[in-house]
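# An overview of the molecular structure
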Amino acid sequence: MAEQRKTSGLDTPLAARQRFWPKFSPDPDAFGSTTEKFARFMGTPQFLVYMTIFCAFWLIWNSIAPVAWRFDDASIGFTALTLMLSLQASYAAPLLLLAQNRQDDRDRVSLSEDRARAERNLYDTEYLTRELASLRLALRDVATRDYVRSELRNVLEELLETTDGEELNLRAKRKSKGGNPQTGLIETVQPGQNSNRKNN
């Protein structure tokens, strides 16, 4: 049996260490929707009005109020207000970028859906075009109303011509057999009448 050696070289991966602090993983959807709401609020006129009122109150209070009540001295250039605005700007930029990234993801999904919908519309249009072409080819072999009328008119003319010709032939035959040319009927002769005609 081969002995298993414990090596601690570079080719041996290190075991995962346990974390002293638990891993912080907030829900990305909830965090993203919250940042989007805040980013949308930062882009509204209300936010600008509120920030203007806040900064004006800060400046007026620290300029006019009694010295004991002031918390940001005007002589050093309102350092606390500058730090607060810098902190707000440093947090606002990543929040806006996060909201923009989420909007880009949504735009990408909507573009892919629009592309798929356009492809489906193209396939449907091509299918309908092929069906219309096949129907047009099939309708070439179907008799139209005008064609049927003209054929019926030709057949009727042929029937009239043949009936007229047959009628003339029948009348000629009847004349040659001794029929009445006016009525076209052949006279029937009784046996007694035939002997009387011979005697006369």
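Predicted model, so just to flag it, every value in this text is computed and none were measured.

This next bit is on the side chain of glutamate 36. Mapped onto the elements, glutamate 36 comes out in helix H1 (residues 28-42). A distance of 3.1 Å separates a polar atom in the side chain of glutamate 36 from a polar atom in the side chain of arginine 102. If we skip the residues at most four places from it in the chain, glutamate 36 touches Ala99, Arg102, Gln103 and Arg106.

As a further point, take the environment of alanine 74. Tracing the backbone shows alanine 74 in the loop between helix H2 (45-64) and helix H3 (79-140). Along the backbone, alanine 74 and isoleucine 60 are 14 residues apart, and their C-alpha atoms lie at a distance of 10.0 Å.

With that out of the way, let us pick up the UniProt feature "transmembrane region" (unreviewed entry) in the protein. As recorded in UniProt, the sites labelled "transmembrane region" (unreviewed entry) are residues 47-69 and 75-98. Summarising residues 47-69: 78% helix, 0% strand, and an end-to-end C-alpha distance of 27 Å. Counted over residues 75-98, helix gives 83% and strand 0%. Its end C-alpha atoms are 38 Å apart.

Thresholds, definitions, all that
Residues numbered from 1 in each chain as written. Predicted model: local features only at pLDDT ≥ 70, side-chain atom pairs only at ≥ 80, totals over all residues. Heavy atoms only, no water. Helix = DSSP H or I, 4+ residues; strand = E, 2+ residues; numbered from the N terminus. Polar contact = N/O pair within 3.5 Å; in protein donor to acceptor, adjacent residues only side chain to side chain. Contact = heavy atoms within 4.5 Å. UniProt positions renumbered as here; feature names shortened; annotations may be inferred.

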